[in-house]
Amino acid sequence: MPRANEEIEALLQEYADLIAITGGDAFRARSYEKAARAIGGYHADVTKLDAKGFQEIPNVGKSIADKITEYLTTGQISVVEERRRSVPAGVRELMTIPMLGPKKAMLLYDELDIASVDQLLDAIHHERLRDLKGFGEKTEENLLHGISLMQKAGNRILLNAAMDSAEQIVAELSRIKGCEGCTYAGSLRRMRETIGDVDILVAAEKSAPFMEALAGLPYTAETIAHGDKKTSIRTTRGLQVDLRVLPPDSWGAGLQYFTGSKAHNIRTREIAVRHKLKLSEYGLFDVETGKKITSGTEEEIYERLGLPWIPPTLREDRGEIAAGLRGELPDLVTEKDIRGDLHTHTDLTDGLAPLEDMIAAAAACGYAYYAITDHAPDLAMQRMTREKMLAQRERVRALDRKHRGMRLLHGTELNIGPEGDVDWPADFLAGFDICVASIHSHFNQSRRALTRRLIRACENPYVAVIGHPTTRRIGKRPGIDADFDAVFEACARTGTALEINAHLERLDLGDEDILRAKRYGVKFAVDSDSHSTTHLPYMRYGVATAQRGWLTKDDIINTWTLTKLRAFLRPKP
DNA sequence: GCCGTTTTCGGCCCGACTGTTTTCAGTCG
């Protein structure tokens, strides 16, 4: 279901992990990692390339090209299968725990036969790690913390992974004769940042053809439940998909019910009760007569309850019902309001695509303007220099207006150091059209230090946007512990925008922080933080997150005209 | 395993932090 590029990326990444676990050449492991990333982010579909085309992908040579060919013809890569046999899958799973890399994972397996997270937990609780070389009390504590973080994320998967599966299934089921409507509902329709399982709804008179089709899809690994009204399957990737087939005339009620959230539905049902009505997945009914009033569309149901239609991204019982009753729902930003992307990378630093490719892909998104913001030198691994940056600027200037008239902004993503200072002095920063500044390290400073650090960055006259403000990685790392109310206040005071980073592991700021920040009058920038042309479309998830934070286009600087945006980007007094 | 202003070998993003050690290995961004 994901495109072949992603399948191969996952396989090669797995191979790299297996090499690292079994103590193979670290540089060889790294080669596979680099190739995996390059293939995953490559603009062209590998199934459309020939063997020669594979080697045009950066970091892919003869050996890896052969492995791609093998995968496309046989569906697997034999050396990966071989290595899998010598290392239990659970050992690799251990590596997903923060602080646990290949060496420690293998040591745990070799010495203590630990090959799953549960076994590790058990061993920690029985103090069996104490005698292991390199493991101490603090390590145990960190492991427990890491495991609890993972378990809090549970089996939920990232938004785009669920969306890819759902859209594919919807496309398949929509083709079946008798389908009068088909869409996804649940937390996916509400665009929550992680998804537990996917709910698909179909409107049709007969359910059987749809149930059978779902059970028979190539990526269906097992059927969990199979009935008249509902079928549940698990995909080969472990994602649960529930399909419900509704009679066409109860489409609206079903969609409203299965979209949720539960808390939102409780509110709507309470309103129904007050109107002497009953709302269920089958429709809106008169309590006394039992007669159905309406069920065809969501709009009709909300209307009969005295409400305007409420966008799914707002249905979290965060005041949307009350706002709807007052007629004060926000006019939410949409993807077509976005005029440009203000945080993107190229292969000059850690991006995968050359400048020209990124710009062409951005122009194809229909943007009026686009900012290139490669990393600055304080992220030492990026090896940035003033000279490289100035040379890039010349190329950017030369490409200005050359793609569908799209205007280019030359910017940078600065690193906010431990004391809140950034890479370059004022005179050099003044040469950029836009400076995004973000935290990339020293996450464990005190709350006071972190707060001061972010506020100092806001106070820098050249910093226009704070990138991924909390620096969380969903399911991997919590956000930093800063006093964000103080930061939001500083952003509003200094005219610094906060980013809504659309990277699926970040979605940072998240919806709840956005709601809080908005109350301070802060402006936002919804950015993809693309490191490849294939990342540009993730903008949609940033916009959805902005919607979940109740933002309108006035709140978001990259919906503004270039003139208005440039005024905002001018150095602060 | 990939790559080339270093060109068929010999490097490979670099530095810092952490917890363990008592001088460093492992992990991370």
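This one's a predicted model, so the numbers in the text were calculated from it and none came from an experiment.

## Digging into the overall build of chain A
- Helix and strand counts for chain A come out as 24 helices and 17 strands.
- In summary, chain A has a C-alpha radius of gyration of 26 Å against a globular reference of 25 Å for 573 residues, a match within 12%.
- Principal-axis analysis of the C-alpha atoms gives chain A an extent of 75 × 60 × 55 Å.
- Across the 573 residues that make up chain A, the buried fraction comes to 53%.
- The long-range fraction of contacts in chain A, counting pairs at least 24 apart against all pairs at least 6 apart in sequence, stands at 67%.
- Element-wise, carbon and sulfur atoms account for 49% of the exposed surface of chain A, whose accessible area totals about 25,700 Å².
- Positive and negative charge centroids in chain A, built from 78 and 84 side chains respectively, lie 3 Å apart.

## Some points on the nonpolar core
- Counting 57 residues, the largest nonpolar core has Tyr 370, Leu 414, Trp 424, Leu 454, Leu 498 and Phe 524 as the members making the most contacts within it.
- With six residues, helix H17 (residues 355–364) is the largest single contributor of residues to this core.
- Aside from chain neighbours lying at most four places away, what touches Leu 498 is Val 465, Ile 466, Pro 469, Phe 488, Cys 491, Leu 509, Ala 517, Val 522, Lys 523, Phe 524 and Ala 525.

## Re the UniProt feature "domain: Polymerase/histidinol phosphatase N-terminal" (unreviewed entry) in chain A
- Feature annotation in UniProt places "domain: Polymerase/histidinol phosphatase N-terminal" (unreviewed entry) on residues 340–418, given in this structure's numbering.
- Here residues 340–418 runs as 30% helix and 23% strand, with 31 Å between its end C-alpha atoms.

## With respect to the protein's contact with DNA strand B
- Taken together, 35 residues form the shell around DNA strand B, and within it Ser 31, Gly 61, Gly 101, Gly 136 and Arg 383 come nearest.
- At the protein interface, 74% of the atoms of DNA strand B within 4 Å belong to sugar or phosphate.
- A distance of 3.2 Å separates a phosphate oxygen of DNA strand B from a polar backbone atom of Glu 137.
- Within the side chain of Thr 139, a nitrogen or oxygen atom sits 2.9 Å from a phosphate oxygen of DNA strand B.
- Looking at the surface near DNA strand B, the elements that each hand over two or more residues are helix H2 (26–40), helix H4 (62–74), helix H7 (102–112) and helix H9 (137–153).
- Per-element tally for the surface near DNA strand B: the top contributor is H2, with six residues.
- Its residues assigned to classes, the surface near DNA strand B comprises 13 nonpolar, 11 polar and 11 charged.

## A short note on the UniProt feature "domain: Helix-hairpin-helix DNA-binding motif class" (unreviewed entry) in chain A
- If you check UniProt for "domain: Helix-hairpin-helix DNA-binding motif class" (unreviewed entry), the listed places come out as residues 52–71, 92–111 and 127–146 in our numbering.
- Between the first and last C-alpha atoms of residues 92–111 the distance is 16 Å; the span itself is 65% helix and 0% strand.

## Things to note about the packing of helix H1 (residues 4–21) against helix H5 (residues 78–86)
- Close contact between H1 and H5 brings their axes to 10 Å; oriented N to C, the two are set at 45°. It follows that H1 is oblique to H5 by the angle criterion. Seen from above, H1 lies across H5 with left-handed handedness. Only Val 79, Val 80, Arg 83 and Arg 84 of H5 make contact with H1, whose side of the interface consists of Leu 11, Glu 14, Tyr 15, Leu 18 and Ile 19.

## Examining the sheet that holds strand S6 (residues 230–235)
- Pairing is mixed across the open sheet formed by five strands, whose spatial order is S2-S4-S7-S6-S5. With one partner strand each, in any of the chains shown, strand S2 (181–184) and strand S5 (220–226) form the two edges of the open sheet. Sheet twist, expressed as the mean angle between neighbouring strand axes with direction ignored, is 20°.
- Against the sheet, helix H12 (residues 208–215) contacts strand S4 (197–203), S5, S6 and strand S7 (240–246), and its axis sits at roughly 165° relative to S7.

## Some remarks on the pattern of salt bridges
- For the coordinates displayed, the defined rule picks out 33 salt bridges.
- Residue Asp 433 is joined to Arg 397 by a salt bridge in which the shortest nitrogen-to-oxygen separation is 2.9 Å. You can see Asp 433 sitting in the loop between helix H19 (426–429) and strand S14 (434–438) and its partner Arg 397 sitting in helix H18 (residues 386–399), a full 36 residues away along the chain.
- Put simply, Arg 190, Glu 316, Arg 318, Asp 511, Glu 512 and Arg 548 are held in one network by salt bridges that share partners.

## Details of the sheet that holds strand S9 (residues 283–286)
- Taken in spatial order, the three strands of this open sheet run S8-S9-S10, and their pairing is antiparallel. Both edges of this open sheet fall to strand S8 (277–280) and strand S10 (292–294), since each of them pairs with a single strand only. Pairs of neighbouring strands in the sheet enclose a mean axial angle of 35°, with direction left out of account.
- Pairing analysis gives four bridges linking S8 to S9, with the strands arranged antiparallel. Bridge pairing in S9 links Leu 277 to Asp 286.
- On the sheet, helix H14 (residues 262–274) packs against S8 and S9 and is oriented at approximately 155° with respect to S8.

## Considering the pairing of S7
- Burial analysis of S7 places six of its seven residues in the buried class, which makes it a mostly covered element.
- Note that S4 and S7 share seven bridges and pair parallel. The partner of Val 198 across the bridge, within S7, is Val 241.
- Bridge count for S6 against S7 is five bridges, and the pairing is antiparallel. Pairing of Thr 231 across the sheet is with Leu 243, part of S7.
- Where S6 folds back onto S7 in an antiparallel hairpin, the turn is made up of four residues, including Gly 238, whose phi is positive at roughly 90°.

## So, the packing of aromatic side chains
- Under the definition given, this model contains nine aromatic pairs.
- Geometry around Phe 135 places Lys 104 over its ring, the cationic atom sitting 5.6 Å from the centre.
- It is Lys 564 that lies over the ring of Trp 560; its NZ or CZ is 4.3 Å from the centre.

Procedures and definitions
Throughout this description, residue numbers start from 1 for each chain and increase along the sequence as written. Ligands are numbered from 1 and chains lettered from A, in the order in which they are written. At least 70 in pLDDT is required for a residue's local features to be given in this predicted model, at least 80 for side-chain atom pairs to be given and counted, and no such filter applies to totals for whole chains, interfaces and linings, which use all residues. With hydrogens and water set aside, each side-chain value is computed from the structure's full complement of heavy atoms. Runs of H or I in DSSP of at least four residues are treated as helices and runs of E of at least two as strands, each being numbered from the N terminus. Here the globule rule is a power law, 2.2 Å times the number of residues to the power 0.38, and the radius of gyration is based on C-alpha atoms. Exposed residues in this analysis have more than 50% of their type's maximum accessible area, buried residues have under 20%, and partly exposed residues fall in between, with area computed by a 1.4 Å probe over protein chains only. In what follows, residue pairs with any heavy atoms lying within 4.5 Å of each other are defined as contacts. In short, Shrake-Rupley with a 1.4 Å probe defines the accessible areas, and a residue's cover is counted only from the protein chains shown. The sign given to each residue is positive for Lys and Arg and negative for Asp and Glu; His and the chain ends receive no count. Charge placement uses NZ in Lys and CZ in Arg. For Asp and Glu, CG and CD serve respectively. Grouping buried Ala, Val, Leu, Ile, Met, Phe, Trp, Tyr and Cys residues that are joined through side-chain atoms within 4.5 Å yields what is termed a nonpolar core. UniProt positions are given in the numbering used here, feature names are shortened, and annotations may be inferred rather than shown by experiment. Whether a residue is near a molecule or strand depends on its heavy atoms: it is near if one of them lies within 4 Å of it. Polar contact criterion, stated in full: a pair of N or O atoms within 3.5 Å, where within protein one must be able to donate a hydrogen and the other to accept it, and residues adjacent in sequence count only if both atoms are side-chain atoms. In the scheme used here, Gly and all other residues not listed as nonpolar or charged are polar, with Ala, Val, Leu, Ile, Met, Phe, Trp, Tyr, Cys and Pro taken as nonpolar and Asp, Glu, Lys and Arg as charged. Comment: axis = line fitted to C-alpha atoms, over the contacting stretch for helices; angle = value between 0 and 180 degrees taken between N-to-C directions. Convention used here: angles under 35 degrees read as roughly parallel, angles over 145 as roughly antiparallel, angles from 65 to 115 as roughly perpendicular, and any remaining angle as oblique. Left-handed describes a crossing whose near helix is turned anticlockwise from the far helix through less than a right angle; right-handed describes the clockwise counterpart. Note on pairing: two strands pair once DSSP finds at least 2 bridges between them. Put simply, a salt bridge is a Lys or Arg side-chain nitrogen that is within 4 Å of an Asp or Glu carboxyl oxygen. For this analysis, a ring pair means two rings from Phe, Tyr or Trp (six-membered ring only for Trp) whose centres lie within 6.5 Å, classed as stacked if their planes differ by under 30 degrees, edge-to-face if by over 60, and tilted for the remaining angles. Placement of a positive charge over a ring is assigned whenever Lys NZ or Arg CZ falls within 6 Å of the ring centre and within 35 degrees of the normal to the ring plane.

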